[in-house]
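# Descriptive analysis of the structure
Here are the chains, one letter per residue:
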Amino acid sequence: MSRIQRFLTRSVQRRVLTGFGIIIALILVGVIIFSIGFNRIQAISAQTAPTSEQLVVLQDYALSLSALSADVERLFAIGGQGIEENIAQDLDSLEIAANSIVTGSPEELAPMATSLAQASSQLKAETQKLVAMRTGDDVTSRDINEQTVAVFSALDSATQLQKDLTKGTLNHLGEAIDNQQRITLNMFAVTHFGAVVVLVIAIVASYLITRTIVKPLSEIAVSATQIAGGDYTKAVRVTTGDEVGQLGLAFNEMAQAVRSREADLQAQTDRLGQSIQELIVARRKAEEASRLKDEFLSVMSHELRTPLNAILGYQGIIELVGGLDADNLQMVQRTQANARRLLDLINDVLDISRIEAGRMEIVPTEVGVNDFVSRVQSQMEVLAQEKQLGFNIAVDSSMPATIFVDEDALTKVLVNLLGNAFKFTEAGHVDLSLRAENSQMIISVSDTGIGIPVYKHEIIFERFRQADSTSTRQHGGSGLGLSIVQQLCQLMGGKIAVESDTGQGSTFTVTLPLQPITLQVREIIR
Amino acid sequence: MSSQVSKIMLNGITFLVVDDEPDNVNVVVRLLTFLGAEVVAAENGQQGLETARAKQPNVILADLSMPTMSGWEMLYQVKQDPALKEIPMIALTAHAMAGDRTRALDAGFVDYIAKPIDVPKFVPQLVNMLKAIPQTASFFAERPRVEVP
């Protein structure tokens, strides 16, 4: 059993072929049973056919008897040669029929047929005797009568036998027909039963085969659906070594591979998530550091200004109250100048720190050009007065009435440039001009000062550099001003250029985008 | 510069100076007094409020960062007090980073001066402010100018 099972479970093909084999074998068995039955029916038909002929012969025999009876009666009533011949013919017919009956009789009726043949022979003998009496001499009518009675008696017994035999033959035929019917019915039953059995076996076999193929397949389908849903816990149960079993094994291997790949992917995703988390933390730290730096700068600014307030304040009062001799007054003034320089340095260092920390925000607002220029003028005028220099401001008609800039940043740029111009100019004038060109605002600060040699045009924008390194001592200043100016110009989306040479004075030109304030921009700002 | 400064230019104006740093108070008190003003001082917002109620100054110069009560809180309290709310407050602070000025004006200070004060710049700056403030403008309109010799 287990060997068969092993044989069957090894291959679907084997199973299907075995199933077909069984069904074909069953059909063959059915055909054999059917042909056996058919042969039986044929045999019985062969038996019934002679029996039917026998009935015909018996009929002939009966007719011959009737003819003989009629002819014998006519023999005495009419007489004549013709009748005698008729009787002879009748007797011949009878003999032939009787012989046929004996020959064709079924076994069971054979004694009765033999009796009929004997009765026929006796009838023939009695009849011939009677015919002979009629022509013979010495024959009394009484003899003829007696003989006639004998003939008729023989006729009667022959007729009786014929009837019996007919009856027997009919019975025999009935039995044969019954038999044939029974066998036909049996055949029918056997054939139907066989068909049903074949059908049932075929159904069972196909069910079993289908089950061994379809059930594992649908299990695989269920597993596939579960895997699609992310559940890898259900492996396919492999019970056979056939193609379906191999499919199941392959499927399980695939599921395993998918699971491990997904685990890898998950791990990778986790790592990525971790990296993102780290990045977020790093960014937060950077933001916090930047905020702390900003806060530090703010505190530094506050803390450095507070003592300077006392220094500048007291010295200012001393100078204001007066009463110092020239020497002391000069010392107070020098102290004040140095305190101011320290303040400028602090402001510049804080500015540059803020720019570097990326905390210098450019916030453009709507600024009235004339108001802005007057504010700058009032702030710088004092320097012009101190050195008795000309200070000319020209706002070209091409300039719009309002500009869109960060006022603090632009003020810082101009105060720095103008401060430098006044610082490095001993005689002449400082000019500030504003004009618009190609949607750009061009601001020029020019002076008639000492000028900057061309080869130093680059380095003046670097930190802690002045055109003449000795000039720091001579002119003061942190050396950060132009660097801050340049960076502020860039932050505002513009640039700065210098045009100068030794003894030729200097012209610094700031070019900034001139963004005309549209209604939309105004709406957004509000 | 000194030609524009006179010993009576702030005559009749009473200042309240509020600052926790004694040197800062000293500098401002001495300077304003020299210019002819009446000056009272307080070292934090709380004291400032009490002094303001007692002396009814014309102008308050207040630092922003102070212990006990900051300049911001004092401004709020002054604005809440019907007896004080008309007194203009000017911020006088070492908070001089970008945006500090705007923050002070937005809060309700009438003006803003960044420390350190440089006397030659500070005096005209303050006078211009006071002239622009309705409550103090009258002090400059009525009085005849007397120059210091």
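Each remark here, short or long, concerns the structure printed above.
Computed from a prediction, not measured in an experiment: that's the story for all the values here. (Residues numbered from 1 in each chain as written. Chains lettered and ligands numbered in written order. Predicted model: local features only at pLDDT ≥ 70, side-chain atom pairs only at ≥ 80, totals over all residues. Heavy atoms only, no water.)

Tallied over the entire structure, the rule returns 3 aromatic pairs over all chains. Measuring from ring centre to ring centre gives 5.2 Å for Phe391(A) and Phe422(A), while their planes differ by 85°; the resulting arrangement is edge-to-face. Of this pair, Phe391(A) sits in strand 2 (residues 390–395) while Phe422(A) sits in helix 9 (residues 407–423), placing them 31 residues apart in sequence. For the pair formed by Phe391(A) and Phe422(A), the shared burial category is buried. Note on Trp72(B) and Phe109(B): the rings are 5.9 Å apart at their centroids and 75° apart in plane angle, and the pair reads as edge-to-face. Of this pair, Trp72(B) sits in helix 3 (residues 71–80) while Phe109(B) sits in the loop between helix 4 (100–107) and strand 5 (111–114), and the two are 37 residues apart along the sequence. (Phe/Tyr/Trp six-rings, centres within 6.5 Å; stacked < 30°, edge-to-face > 60°. Helix = DSSP H or I, 4+ residues; strand = E, 2+ residues; numbered from the N terminus. Buried < 20%, exposed > 50% of the residue type's maximum accessible area, 1.4 Å probe, protein only.)

What tends to happen in soluble globular proteins is that the nonpolar side chains get buried as a cluster. Of all hydrophobic cores here, the largest spans 46 residues; its most connected members are Ile403(A), Leu417(A), Leu418(A) and Phe508(A). The biggest single contributor to this core is helix 9 of chain A, with 8 residues. (Core = buried A, V, L, I, M, F, W, Y, C linked by side-chain atoms within 4.5 Å.)

Before going further, it helps to spend a moment on the interface of chain B and chain A. At the interface, 22 residues of chain B touch 21 residues of chain A. Between chain B and chain A, the buried area comes to about 2100 Å², and carbon and sulfur atoms account for 68% of it. On inspection of chain B and its partner chain A, the count reaches 1 salt bridge. With a shortest N-O distance of 2.3 Å, Arg340(A) and Asp118(B) are connected by a salt bridge. If you look at where chain B meets chain A, you find 6 residue pairs in polar contact (both at pLDDT 80 or more). The greatest single-element share of the side of chain B that touches chain A, amounting to 7 residues, is contributed by helix 1 (residues 22–34) of chain B. Across the side of chain B that touches chain A, the residue classes break down as 13 nonpolar, 4 polar and 5 charged. (Contact = heavy atoms within 4.5 Å. Buried area = accessible area lost by both parts, 1.4 Å probe. Salt bridge = Lys/Arg side-chain N within 4 Å of Asp/Glu carboxyl O. Polar contact = N/O pair within 3.5 Å; in protein donor to acceptor, adjacent residues only side chain to side chain. Nonpolar A, V, L, I, M, F, W, Y, C, P; charged D, E, K, R; others polar.)

As a further point, take helix 7 (residues 326–356) of chain A. Given a rise of 1.5 Å per residue, 31 residues ought to cover 45 Å, and the 44 Å separating the end C-alpha atoms of helix 7 of chain A matches this to within 8%. The inward-facing, buried residues of helix 7 of chain A contact helix 6 (243–321), helix 9 and helix 11 (481–491) of chain A together with helix 5 (119–132) of chain B. (Expected span 1.5 Å × (residues − 1).)

Residue and element names in this part refer to chain A. On the surface, Arg-3, Arg-6, Arg-10 and Arg-14 cluster together into a positively charged patch. Its place among the elements puts Arg-10 in the loop between helix 1 (2–9) and helix 2 (12–77). The class for Arg-10 is partly exposed, based on a relative accessible area of 46%. (Patch = residues over 30% accessible without salt bridge, like charges linked within 9 Å, V, L, I, M, F, W, Y side chains within 5 Å. Areas by Shrake-Rupley, 256 points an atom, 1.4 Å probe, with all protein chains shown as cover. Lys, Arg positive; Asp, Glu negative; His and termini not counted. Charge placed at Lys NZ, Arg CZ, Asp CG, Glu CD.)

What follows covers the sheet that holds strand 5 (residues 440–447) of chain A. Consider a sheet: its strands pair through backbone hydrogen bonds, and that pairing is either parallel or antiparallel. All names here are of chain A. The mixed open sheet is built from 5 strands, whose spatial order is 2-4-5-7-6. Strands with a single pairing partner mark the edges of an open sheet, and in this sheet they are strand 2 and strand 6 (495–500). Here the average twist between neighbouring strands, direction ignored, is 15°. Direction of pairing for strand 4 (residues 429–437) relative to strand 5: antiparallel, over a ladder of 8 bridges. Bridged to Ala-436 within strand 5 is Met-441. Its contacts with the sheet put helix 8 (residues 369–387) on strand 2 and strand 4, and the angle it makes with strand 2 is roughly 170°. This element, helix 11, spans strand 6 and strand 7 (506–513) of the sheet and lies at about 135° to strand 6. (Pairing = 2+ DSSP bridges. Axes fitted to C-alpha atoms, helices over the stretch in contact; angles between N-to-C directions.)

The next point concerns unusual backbone geometry. In most cases, non-glycine residues show a negative phi, while peptide bonds are predominantly trans. All names here are of chain B. At the junction of Lys-115 and Pro-116, the peptide bond is cis and its omega measures out at 0° in the coordinates. Within the secondary structure, Pro-116 sits in the loop between strand 5 and helix 5. Despite not being glycine, Gln-56 has its phi angle at roughly 45°, a positive value. By secondary structure assignment, the location of Gln-56 is in the loop between helix 2 (45–55) and strand 3 (59–62).

This brings us to the pattern of salt bridges. For the structure on display, the rule yields 18 salt bridges over all chains. Where Arg101(B) meets Asp111(B), a salt bridge forms, and the shortest distance between an N and an O atom there is 3.9 Å. Here the residue Arg101(B) occupies a position in helix 4, and Asp111(B) occupies one in strand 5, the gap between them amounting to 10 residues. Asp111(B) gets classed as buried once you look at its relative accessible area, which sits at 17%. Taken together, the shared-partner salt bridges in this structure form one network comprising Glu288(A), Arg291(A) and Glu295(A).

In short, the description is geometric, and any link to function would need to be established separately.
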